[in-house]
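Chain by chain, the residues run as shown.
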Amino acid sequence: MAAKKIVTDKPKTKKAPALAAVAGGIPASDEMIYYGHQYIDYADVKAVSEALRSPYLTDGPGVEAVEKKLCEITGAKYAVVVSNCTAALHIACMAAGIGPGDEVITTPITFAASANCILYCGATPVFADIDPETYNIDPKSVEACITEKTKAIIPVHYTGQAFDHDALREICEKHNLIMIQDAAHAIGTKYKGQPVGSLAGAAMTCFSFHPVKTVTAGEGGAVTTDDKALYELLIRARSHGITHDREFMAHPTDDPWYYEELELGYNYRMTDFQAALLSSQLNKLPLFSERRKELTKRYNKELAKVPGIILQKEPEESDTTRHLYILQIDTDKLSCTRREFFDAMMAEHIRCQVHYIPVYFHPYYEKLGYKRGLCPNAEHLYERIMSLPLYYGLTDAQQSCVIEAVKKVAGYYRK
Ligand SMILES: *Cc1c(COP(=O)(O)O)cnc(C)c1O
């Protein structure tokens, strides 16, 4: 069959049901389809403008309201919203008591924040390798990384797909380790029917509401926990370590102006208008989730038969709200590099991305002494992956363009 001419026609945009997109339904440029995009509708704009007209811009009722909503969605007892997920990971590490001399195990196939939070606390990140099929952290590798200094693990639900939680939970129980989950990709995902955010054995779970993630607050993050004591620590860490609660004070008084700083904390608060946006976005989570599942299913179906393309294996325990759709290019079979594949996709007006550069490849980590070769599976994967466009506003027509582009570039039509 001759190579098809594709993506030169402007994709028709299909309006999402019952939602009028203000922005985000349509890529920034008519030409290029990007890998991710937020979806903001009039309900979001209304929610934010109402919050802006309220007496509280920060520290108001919107924050508590959205925390309650997060508890309902995740099934967690407590939720603490913060300025972003990096802050969420930082205060989670603080609450876990991670400090100098401690080692904390995480994956190299993640955004740098999953490991940076360990360094913020003066502890040492230790990178465990990934499973070559699911791309999530490999429990066997985690176990091999444990020393007497290991205090915690920070596994990532990479692409939104739940990792092998039961295996990691068992390891944590056996070695007395704290599990902090990086669920930046995984709002809406369930593991064995239980929402991520309230999995038994996870002390704390961190979410991101950056615009590329499934729901957004502009910038935003949250920590969920079932543990009251951790919750109190998180609340204080978010706001300078300060308490207004006499129950916790060293020198309680009746003075109405009085408060105490109990630990060194930060200003990681979320504003009320961000909380309003987040709350409005969370109303659409079922819709966002359903569309992401639908798009993922279609990619899987259409791309499974393309030689030289390897799909991410989804474990059956994970009911996934997919944040990223990752292609692995069999560079030997296609006799091309990932860069060549990436550029060819660009020429087809598809702007892919690579998630992620192994964290310890970054010069800052190199300077700390991390060497290449540490996690062979992760490094091998990094040479071959690319993220395809996946977001709520991606239309069927646009997705067809992406699928056709992959097939064309992979030489599917060549014979
Ligand atoms: C996005 C992301 C973060 C950081 O989230 P921010 O809200 O941008 O701080 C952390 N971990 C992972 C895996 C991410 O993808």
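Predicted, not measured: the structure shown is a model, and the values here were computed from it.

Trainee: Just checking my understanding: could you explain the side chain of Gln181 for this structure?
Mentor: Here Gln181 lies in strand β8 (residues 178-182). According to the relative accessible area criterion, Gln181 is buried, its value standing at 0%.

Trainee: Before we go on, may I ask you to explain the packing of aromatic side chains in this structure?
Mentor: Two measures describe an aromatic ring pair: the distance that separates the ring centres and the angle between the ring planes. Per the counting criterion, the structure on display carries 15 aromatic pairs. For the ring pair Tyr39 and Phe288, a centre distance of 6.3 Å and an interplane angle of 75° mean the geometry is edge-to-face. One end of the pair, Tyr39, is in the loop between β2 (33-34) and β3 (40-41); the other, Phe288, is in helix α9 (residues 285-303), and 249 residues separate them in sequence. Looking at Tyr39, the relative accessible area reads 5%, which means it is buried. Ring geometry for Tyr365 and Tyr370: centres 5.7 Å apart, planes at 55°, overall tilted. Each member of the pair, Tyr365 together with Tyr370, is buried. Three or more aromatic residues joined by ring pairs form one cluster here, namely Phe127, Tyr360, Phe361, Tyr364, Tyr365, Tyr370 and Tyr382. Taking NZ or CZ as reference, Arg236 lies 5.3 Å from the ring centre of Phe248, over its face. The cationic tip of Arg338 hangs over the ring face of Tyr382; the distance from NZ or CZ to the ring centre is 4.9 Å.

Trainee: Got a minute to help me understand the state of the cysteines in this structure?
Mentor: In protein structure, a disulfide is the covalent linkage between the sulfur atoms of two cysteines. In the structure shown here, the tally under the stated rule is zero disulfides. Here Cys117 stays free of any disulfide, with the sulfur of Cys93 as its closest cysteine sulfur at 3.7 Å. Classification of Cys117 as buried rests on a relative accessible area of 0%. Of the cysteine sulfurs around Cys145, a residue in no disulfide, the closest is that of Cys375, at 6.9 Å. Judged by its relative accessible area of 18%, Cys145 is buried.

Trainee: Teacher, can you tell me more about the site of the ligand here?
Mentor: Taken together, 15 residues are adjacent to the ligand, and Thr86, Asp182, His185, Ser208 and Lys213 come closest. At 2.7 Å from an oxygen atom of the ligand is found a side-chain nitrogen or oxygen belonging to His185. Within the side chain of Tyr356, one N or O atom sits 3.1 Å away from an oxygen atom of the ligand. Calculation on the ligand without its partners gives an accessible area of 380 Å², and the protein chains cover 93% of this total. Among the secondary structure elements, those contributing two or more residues to the shell around the ligand are α3 (85-95) and α4 (113-120).

Trainee: What's the story with α9 in this structure? I'm lost.
Mentor: Each α-helix turn comprises 3.6 residues. Residues three or four places apart therefore point the same way. For α9, with 19 residues, the first-to-last C-alpha span of 26 Å sits near the 27 Å given by 1.5 Å per residue. Looking at α9, one finds that the buried residues are Leu285, Phe288, Ser289, Arg291, Arg292, Leu295, Thr296, Tyr299, Glu302 and Leu303. On its buried side, α9 packs onto α2 (61-74), α8 (272-283), β15 (309-311), β17 (325-329), β19 (385-388) and α13 (396-409).

Trainee: Just checking my understanding: could you explain the domain arrangement of the protein chain for this structure?
Mentor: One widely used convention gives an interface's size as the accessible area the parts lose upon coming together. Parsing the protein chain into structural domains produces domain 1 (42-283) and domain 2 (285-413). One C-alpha centre belongs to domain 1, the other to domain 2; they are set 26 Å apart. Of all residues in domain 1, the largest losses of buried area upon contact with domain 2 belong to Phe127, Tyr135 and Gln161, amounting jointly to 19% of the total for that side. One salt bridge in this structure joins Lys313 and Glu133, with 3.7 Å as the shortest N-O distance.

Trainee: What's the story with helix α7 (residues 228-238) in this structure? I'm lost.
Mentor: Among the residues making up α7, those that are buried are Leu230, Tyr231, Glu232, Leu234, Arg236, Ala237 and Arg238. As for α7, its buried residues are in contact with α2, β4 (78-82), α3, β11 (204-208), β12 (221-225) and β13 (242-243). The N-cap of α7, judged by a side-chain oxygen 2.9 Å from the amide nitrogen of Ala229 a few residues on, is Asp227. Just beyond α7, the residue with positive phi is His240, at close to 65°.

What counts, and at which threshold
Residues numbered from 1 in each chain as written. Predicted model: local features only at pLDDT ≥ 70, side-chain atom pairs only at ≥ 80, totals over all residues. Heavy atoms only, no water. Helix = DSSP H or I, 4+ residues; strand = E, 2+ residues; numbered from the N terminus. Buried < 20%, exposed > 50% of the residue type's maximum accessible area, 1.4 Å probe, protein only. Phe/Tyr/Trp six-rings, centres within 6.5 Å; stacked < 30°, edge-to-face > 60°. Lys NZ or Arg CZ within 6 Å of the ring centre and 35° of its normal. Disulfide = S-S within 2.5 Å. Near = heavy atom within 4 Å. Polar contact = N/O pair within 3.5 Å; in protein donor to acceptor, adjacent residues only side chain to side chain. Areas by Shrake-Rupley, 256 points an atom, 1.4 Å probe, with all protein chains shown as cover. Expected span 1.5 Å × (residues − 1). Contact = heavy atoms within 4.5 Å. Domains from an automatic or database assignment. Buried area = accessible area lost by both parts, 1.4 Å probe. Salt bridge = Lys/Arg side-chain N within 4 Å of Asp/Glu carboxyl O.

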